[in-house]
Amino acid sequence: MILGGWQLAGGHRPIEQAKAIEERFATAEEGITSFDCADIYTGVEEIIGGFRAEYANWHGTEALSRIRVHTKCVPDLDKLKRLTRQILRETIMHSAARLGVERLDLVQFHCGVTLAATGCKPRTGCASFSTRN
């Protein structure tokens, strides 16, 4: 089971970051350890990053390693026609920074071009690719 995060995005309702982190913490304590977000869900990656830091403080890095975050990469519409590997890599690295991770568990790529058009090469299936090559 994955706990979604769209409802934490800025335009849906006022969000108290501390309460949102507390709710994710309680969810993980109940056994749901996968969380969904997206770079376009304003503020959600930061909330989940804050939750991850809090979880690591309480339970340590081994427990944190069981927390999974699935995010979506949605490049800006004005960049789609000139989307490059570098632009895509920067978008993904911004998500990683907001989440407080060096590597993302899963990135769902949402846009109107193919990966081949970006120069990115899939590693395993269509949901995983390297931005290094």
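In what follows, the structure referred to is the one given above.
Residues numbered from 1 in each chain as written. Predicted model: local features only at pLDDT ≥ 70, side-chain atom pairs only at ≥ 80, totals over all residues. Heavy atoms only, no water.

(A) Representation of the pattern of salt bridges within the structure. For the structure shown, the criterion picks out five salt bridges. A salt bridge links E23 to R24; the nearest nitrogen and oxygen atoms lie 3.6 Å apart. A residue is classified by how much of its surface remains accessible, and R24, at 4% relative accessible area, is buried. (Salt bridge = Lys/Arg side-chain N within 4 Å of Asp/Glu carboxyl O. Buried < 20%, exposed > 50% of the residue type's maximum accessible area, 1.4 Å probe, protein only.)

(B) Representation of helix α1 (residues 17–29). With 13 residues, α1 extends 18 Å from end C-alpha to end C-alpha; this agrees with the ideal 18 Å at 1.5 Å per step. In this structure, the buried side of α1 is in contact with β1 (2–3), β2 (34–36) and α2 (44–64). Backbone geometry just after α1 places G31 at a positive phi near 110 degrees. (Helix = DSSP H or I, 4+ residues; strand = E, 2+ residues; numbered from the N terminus. Expected span 1.5 Å × (residues − 1). Contact = heavy atoms within 4.5 Å.)

(C) The arrangement of the sheet that holds strand β3 (residues 68–73) in detail. An order of β1-β2-β3-β4 is seen for the four strands of this open sheet, with the pairing classed as parallel. Both edges of this open sheet fall to β1 and β4 (106–109), since each of them pairs with a single strand only. By the bridge criterion, three bridges tie β2 to β3 in an arrangement that is parallel. Bridge pairing in β3 links S34 to R68. (Pairing = 2+ DSSP bridges.)

(D) Here's a closer look at the layout of surface pockets. Approximately 190 Å³ is the volume attributed to the second largest pocket. Forming the walls of the second largest pocket are D39, I40, V74, P75, D76, K79, I87, E90, T91, H94 and R98. A class-by-class count of the residues in the lining of the second largest pocket yields four nonpolar, two polar and five charged. (1 Å grid on protein atoms, 1.4 Å probe; cavity = no way out; pocket = protein on both sides within 12 Å on 5 of 7 lines; lining within 4 Å. Points joined across faces, edges and corners; volume = space filled by probe spheres on them. Nonpolar A, V, L, I, M, F, W, Y, C, P; charged D, E, K, R; others polar.)

(E) Focus on the packing of aromatic side chains. Scanning the entire structure with this criterion turns up four aromatic pairs. Their ring planes at 75 degrees and their centres at 6.3 Å tell us that F25 and W58 sit as a pair that is edge-to-face. Within this pair, whereas F25 is found in helix α1, its partner W58 is found in helix α2, the two being separated by 33 residues in sequence. Judged by relative accessible area, which is 62%, W58 ranks as exposed. Among the aromatic residues, ring-to-ring pairing joins F25, F35, F51, Y55 and W58 into one connected group. (Phe/Tyr/Trp six-rings, centres within 6.5 Å; stacked < 30°, edge-to-face > 60°.)

(F) Quick look at the nonpolar core. V44, I48, F51, Y55 and I67 are the most contacted members of the largest nonpolar core, which has 30 residues in total. Mapped by element, the contributors of at least two residues to this core are α1, α2, β3, α3 (85–99) and β4. Examining the composition of this core, we find that seven residues originate from one element, α2, more than from any other. (Core = buried A, V, L, I, M, F, W, Y, C linked by side-chain atoms within 4.5 Å.)

(G) Region of the structure containing α3. In this model α3 runs 21 Å from its N-terminal to its C-terminal C-alpha over 15 residues, within 8% of the 21 Å that 1.5 Å per residue would give. Residues I87, L88, T91, I92, S95, A96 and L99 constitute the buried set of α3. Positive backbone phi, approximately 75 degrees, marks G100, located one or two places after α3.

(H) Local environment of the pairing of β3. Across the six residues of β3, five count as buried, placing the element largely inside the fold. Crossover connection from β2 via α2 to parallel β3: handedness right-handed. Summarising the sheet, β3 and β4 pair through four bridges and their orientation is parallel. Looking at β4, one finds that H70 is bridged to L106. (Right-handed = clockwise from strand over helix to strand, strands pointing away.)

Functional significance is not addressed by these values, which are geometric in nature.
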